[in-house]
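# Architecture and fold: a report
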Amino acid sequence: MGIDILMPALSPTMEEGTLAKWLVKEGDPVSSGDIIAEIETDKATMEVEAVDEGVVAKLMVAEGTEGVAVNAVIAVLAEEGEDASAAAAKVSSGAAPEPVSEETPQAPPEAPAEPTPAPAAAKAVIEVAQPEPEWDGAMVETTVREALRDAMAEEMRNDDRVFLMGEEVAEYQGAYKVSQGLLDEFGARRVIDTPITEYGFAGIGTGAAMAGLRPIVEFMTFNFAMQAIDHIINSAAKTLYMSGGAIKSPIVFRGPNGAAARVAAQHSQCYAAWYSHVPGLKVVSPYSAADAKGLLKSAIRDPNPVVFLENELIYGQKFDVPDSDDWTVPIGKAKVVRQGTDVTITAFSIMVGKALEAAKMLEAQGISAEVIDLRTIRPLDTETILQSVRKTNRLVTAEEGWGQSGVGAEIAMRVMEQAFDYLDAPVARVAAEDVPLPYAANLEQLALPGADEIVSAARAVTYTEA
Amino acid sequence: MSTTARKSAKRASNKQFDDAQLTKFYEDMLLIRRFEEKAGQLYGMGLIGGFCHLYIGQEAVVVGIQHELETGKDSVITGYRDHGHMLATGMDPDGVMAELTGREGGYSKGKGGSMHMFSTEKRFFGGHGIVAAQVALGGGLAFAHKYNDDGGIAVAYYGDGAANQGQVAETMNMASLWQLPILFVCENNRYAMGTSNERAAAVTDYAARGKPYGIPGARVDGMDVEAMATEAAKAVKHVRSGKGPFVLEAMTYRYRGHSMSDPAKYRTKEEVQKYRTEQDPIERLREKLLERGLIDEAGLKAIDKDVKAIVAKSADFAQASPEPALEELYTDVYLTA
């Protein structure tokens, strides 16, 4: 029984080609790897190698034949010890380059007759987050900066696999003093100063996570993580999926995000929308010190890669934080930080403060605003937003980043999809002006959204514009 | 360049390998060769899609290095031309071939494809599609070995093209600074896709790329498995003993195009033919085995037959294994805590 040699495809899109030249003739012995023919497409000329060994029993397609279909039999090999003429005789005489005869041992892959609808029920991938446990114990007034440090220290005490790496995190005690004291307590093995080489250390951190450690990678600011975004997305976020679940990347990428003060466009960008675009990542951006601590502890314990977006301008703000080293806040759960009835305002990170300020101003104007601190951007807690919108029938989204393809755009879409009938006004977005952030104090102030803009938006959606 | 590069490769006397080791080299290289030929054939039949980068010609590199590693203790990571590395670390050919055909029985359940397979058991960490990403990730594997003080080392394989990426330099710097146990293996097959070394690098001495960071390096004839294993043994010893990283540049050659759809117009047929006939690592070892009387034609034939059977079985498995269930679309995106 002869071995059929089929017309190969040179690319996923090739359907036919020209058999340009035979480099063997009938009766020639061939072995694996021998070049037996050249074929051409409109794009390329390629050599065909023999995979099996034997004697060329019959060439089925003449040199120069055009339009030879992929998988058509182009030659027959007689196997070792087989009579070449017998093998050739098995081939029906005068066979044209018909595709795939009955004797062809391997049929081309079957295309499904029609696309099978994907099972809808299987879509829920992320577990539903439970609200954080009620805390009725003692509270300690803590800055966001200290809360972040405490979260890291507690988790490092609990788990030797947890370590911190980044620029100036050790001996300098943190560029923004977030890691103050950690080197003293945990030593240079676990608190590691890196050179200024974000792509490299993000890759080293991710590799260490794949090997079973629990790295916390600090970026001096997230602006510099653009140098490392390939590892955050292609290596950390996608490898679990690409490995069919075999390789885990339990890593936290953290650091200040968004505008600071008077540092101009390259140092003043919000990346929440960027990272929230990517399945496989979780994206967290807290406001209060309690949430910063509780969420960072959850992020360190999470088996998935987490992008943890902080804000330099609120590092020094003080909040009450539960006095416990095991109290955590679940990722994926928003929090209603102010109850209201007339309009819902969503915000995260520094914008929560501005939203609360706006709510006070609105109250003085007779408008009751409900403020939701999103806390997690991915997975987004749509349910908490919907519940509020069903009550207030109006929504303003606030974020410090640009509006286009922003977090507010996503929220507005979800509310339109899932609560359209509850809306009494179009959703309003408050975001940065659509320009790179300027340096000049007056222009910077003009570009960034504040409480006034939120108030205006709230009055617009409540049809109470002055 | 072909001959000058080869001449400058180390010509030190080889380590002595016993009969069984030499025969094993032959078997391992032949398995990769035949496996890749079969993959090429299945690609031609439309059973493998997308990108498919074959390792034919470079077999001696990975076989020589892997021989000096402790599988399951040491970590291995590579780029997208990775089928040979998987086979050399002892991964199951059935699972590798089934991943190529995108089937449920593949190492990544059909969700990764040619460039993305992993084995925690063998400590094989992929299979990465972004050129040079595996070098920084490999630095992380080495970091973990040092952090855990477990005696293992990491080997990061990359090509001459990847050598020019900034993150390779970044990783070398940190690996040396922190004395990480990592062996950098630059597989110099002379072309980064269609761009030759000379057209891509101001200085093509990739073994010396560690020098600015205090990392020693050596060049070795990557078409000679005994030379490969000899130099690998020295390099691995250096790294394992805590002396920090080492760069090994293997001078090799790929016979096929960069990927299946590459007509390889950037080099002459004569050049390819010269390597095939004069340098082929499998043929060279075969001749040595016969010369030294370690095996006869019948013995070689028996090996050939066994290897073919393994490859044929993998091809059958890769076609018989079903496509992944539709529910698999949504799995492995997140782990639950």
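Residues numbered from 1 in each chain as written. Chains lettered and ligands numbered in written order. Predicted model: local features only at pLDDT ≥ 70, side-chain atom pairs only at ≥ 80, totals over all residues. Heavy atoms only, no water.

## Points about the overall build of chain B
We count it as follows: For helices the rule is a DSSP run of H or I covering at least 4 residues; for strands it is a run of E covering at least 2, with both sets numbered from the N terminus onward. Using C-alpha atoms as the atom set, the radius of gyration is obtained and then compared with a globule rule of 2.2 Å times the number of residues to the power 0.38. Throughout, exposure labels follow a simple rule: accessible area from a 1.4 Å probe, protein chains only, divided by the maximum for the residue type, with under 20% read as buried, over 50% as exposed, and the rest as partly exposed. Only heavy atoms enter the contact rule, under which two residues are in contact if any of them lie within 4.5 Å. His is not counted here, nor are the chain ends, while Lys and Arg score as positive and Asp and Glu score as negative. Lys charges are placed at NZ, Arg charges at CZ, Asp charges at CG and Glu charges at CD.
Tallying secondary structure elements over chain B gives twelve helices and seven strands in all. Expected size for 337 residues packed as a compact globule is a radius of gyration near 20 Å; at 19 Å, chain B falls within 12% of this value. Expressed as a percentage of the 337 residues in chain B, the buried residues total 61%. Counted over contacts in chain B with a minimum sequence separation of 6, partners at least 24 positions apart contribute 75%. Here chain B carries 41 positive and 45 negative side-chain charges, and the mean point of each set is 5 Å from the other.

## A look at the domain arrangement of chain A
The figure often quoted for interface size is the accessible area lost as the parts come together. Heads up, the rule is: Start and end positions for the domains come from either an automated domain assignment or a database one.
Split by domain assignment, chain A resolves into domain 1 (3-90), domain 2 (139-322) and domain 3 (335-461). Relative to domain 2 of chain A, the C-alpha centre of domain 1 of chain A lies at a distance of 57 Å.

## Here we look at the packing of helix α5 (residues 93-100) of chain B against helix α12 (residues 297-320) of chain B
Residues and elements named next belong to chain B. As a reminder of what qualifies: All axes are obtained by fitting lines to C-alpha atoms, using only the stretch in contact for helices, and the reported angles, taken between N-to-C directions, cover 0 to 180 degrees. Oblique is the label for any angle not covered by the other classes, which are roughly parallel (under 35 degrees), roughly antiparallel (over 145) and roughly perpendicular (65 to 115). Left-handed describes a crossing in which the near helix is turned anticlockwise from the far one by less than a right angle; the clockwise case is right-handed. For this classification, Asp, Glu, Lys and Arg are treated as charged, while Ala, Val, Leu, Ile, Met, Phe, Trp, Tyr, Cys and Pro are nonpolar and the rest, including Gly, are polar.
Running from N to C, α5 and α12 point in directions that differ by 45°, and their axes come no closer than 8 Å. Comparing their axes, α12 and α5 come out oblique. Considering the relative orientation of α5 and α12, their crossing is right-handed. Where α5 approaches α12, its residues Pro 93, Asp 94, Gly 95, Met 97 and Ala 98 are matched on the opposing element by Ile 310, Lys 313, Ser 314, Ala 315, Phe 317 and Ala 318. Among the residues forming the contact of α5 with α12, the class breakdown is seven nonpolar, two polar and two charged.

## Notes on a negative patch on the surface
Applied cut-off: A patch is a set of surface residues, each over 30% in relative accessible area and not in a salt bridge, joined within 9 Å for like charges and within 5 Å for the nonpolar side chains Val, Leu, Ile, Met, Phe, Trp and Tyr. Only the protein chains shown count as covering a residue, and every accessible area follows the Shrake-Rupley method with a 1.4 Å probe. Salt bridges are defined as contacts in which a side-chain nitrogen from Lys or Arg sits within 4 Å of a carboxyl oxygen from Asp or Glu.
Taken together, A:Glu357, A:Glu433, A:Asp434, A:Asp452 and A:Glu453 make up a surface patch of like negative charges. For A:Glu357, the location among the structural elements is in helix α9 (residues 350-364).

## Topic: the interface of chain A and chain B
In plain terms, the rule: Here the buried area means the combined drop in accessible surface, using a 1.4 Å probe, for two parts upon being joined, counting both sides. The term polar contact refers here to a pair of N or O atoms within 3.5 Å; inside protein, the definition further demands a hydrogen-donor-capable atom paired with an acceptor-capable atom, and it admits residues adjacent in sequence only when both atoms are side-chain atoms.
With 80 residues of chain A in contact, the opposing surface of chain B contributes 64 residues. Together, the buried faces of chain A and chain B total about 6000 Å²; carbon and sulfur atoms form 62% of this surface. It is A:Ile204, A:Tyr241 and A:Met242 in chain A that bury the most area against chain B; as a group they hold 12% of the surface buried on that side. One can count five salt bridges joining chain A with chain B. Where B:Lys308 meets A:Glu53, a salt bridge forms, and the shortest distance between an N and an O atom there is 3.8 Å. Here chain A is connected to chain B by 22 residue pairs in polar contact (both at pLDDT 80 or more).

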